[in-house]
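So you can see what is in the structure, the chains are spelled out below.
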Amino acid sequence: MKHDVFISYSSKDYVDEQKNVIPGNEVSITKDALSKAGITYWFDEEGIYYGQNFVEKIVTNIEDAKIFLFLSTANANKSPWTCKEIASADELEKHIIPVRIDASPYNRKVLFRIADLNYIEYYTNPEKGMNDLINSIQVYLEEWVAKERRKQDEDNRLKEQDDTILRKHREDKL
């Protein structure tokens, strides 16, 4: 995996119409908190990808993430792109964490994919919401590392078993 988190958000919540970063926006606050916690992330910061290149870049970065973070806002729920990103993350069986930045209802296409997931209610208490998010990500990453370690140990055990069988087979032929 290349990064811990893929951040799905609406660019309308991050930059103005002139592509200037909106001061104090929740996307930047989230990025800063992730960085401070040592959590790596990817997001389409500059909106520079278009057409097929954009689609491939987005899907590749969702694949390359351990966690898919959906920053739910009125703008994000209106965006067809965030709906597609969530659908892709769901299809790729990514760990999805919805963060309700505001109280806007989920888009029906979004709701279908994440209806049964617990979400972080950031808008009621931003400090607690951010702490909950960081803790949730850290716990998942610890579990992910442990799972990968168990998988590697099992792969090594099976390889040793195969090597033993092969060696025994060769010795029997001699």
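Look up: the structure comes first, before these words.
This section reports on the structure supplied with the text. (Residues numbered from 1 in each chain as written. Predicted model: local features only at pLDDT ≥ 70, side-chain atom pairs only at ≥ 80, totals over all residues. Heavy atoms only, no water.)

Next up on the list: the packing of aromatic side chains. Counting across every chain of the model gives seven aromatic pairs. Ring centres of tyrosine 9 and tyrosine 14 lie 5.8 Å apart, and the angle between their planes is 80 degrees; on these two criteria the pair is classed as edge-to-face. For the pair shown, tyrosine 9 and tyrosine 14 are each scored as buried. When the ring of phenylalanine 70 is compared with that of tyrosine 106, the centres are 6.4 Å apart and the planes differ by 35 degrees; the resulting orientation is tilted. Of this pair, phenylalanine 70 sits in strand E3 (residues 65-72) while tyrosine 106 sits in the loop between strand E4 (95-100) and helix H5 (108-114), and the two are 36 residues apart along the sequence. (Phe/Tyr/Trp six-rings, centres within 6.5 Å; stacked < 30°, edge-to-face > 60°. Buried < 20%, exposed > 50% of the residue type's maximum accessible area, 1.4 Å probe, protein only. Helix = DSSP H or I, 4+ residues; strand = E, 2+ residues; numbered from the N terminus.)

This part covers helix H4 (residues 80-91). In this model, H4 (twelve residues) spans 17 Å end to end at C-alpha, consistent with the 16 Å of a helix rising 1.5 Å per residue. By the burial criterion, the buried members of H4 are Thr82, Cys83, Glu85, Ile86, Ala87 and Ala89. Of the residues flanking the start of H4, the one acting as N-cap is serine 79, its side-chain oxygen 3.1 Å from the backbone nitrogen of tryptophan 81. Of the residues one or two after H4, glutamate 93 is the one with positive phi, at around 55 degrees. (Expected span 1.5 Å × (residues − 1). Polar contact = N/O pair within 3.5 Å; in protein donor to acceptor, adjacent residues only side chain to side chain.)

Counting buried residues in E3 gives eight out of eight residues, a clear majority hidden from the surface. Both strand E1 (residues 3-8) and E3 contribute to a ladder of five bridges, which runs parallel. Looking across to E3, one finds that histidine 3 is bridged to alanine 65. By the bridge criterion, six bridges tie E3 to E4 in an arrangement that is parallel. Bridge assignment links phenylalanine 68 to a residue of E4, and that residue is isoleucine 96. (Pairing = 2+ DSSP bridges.)

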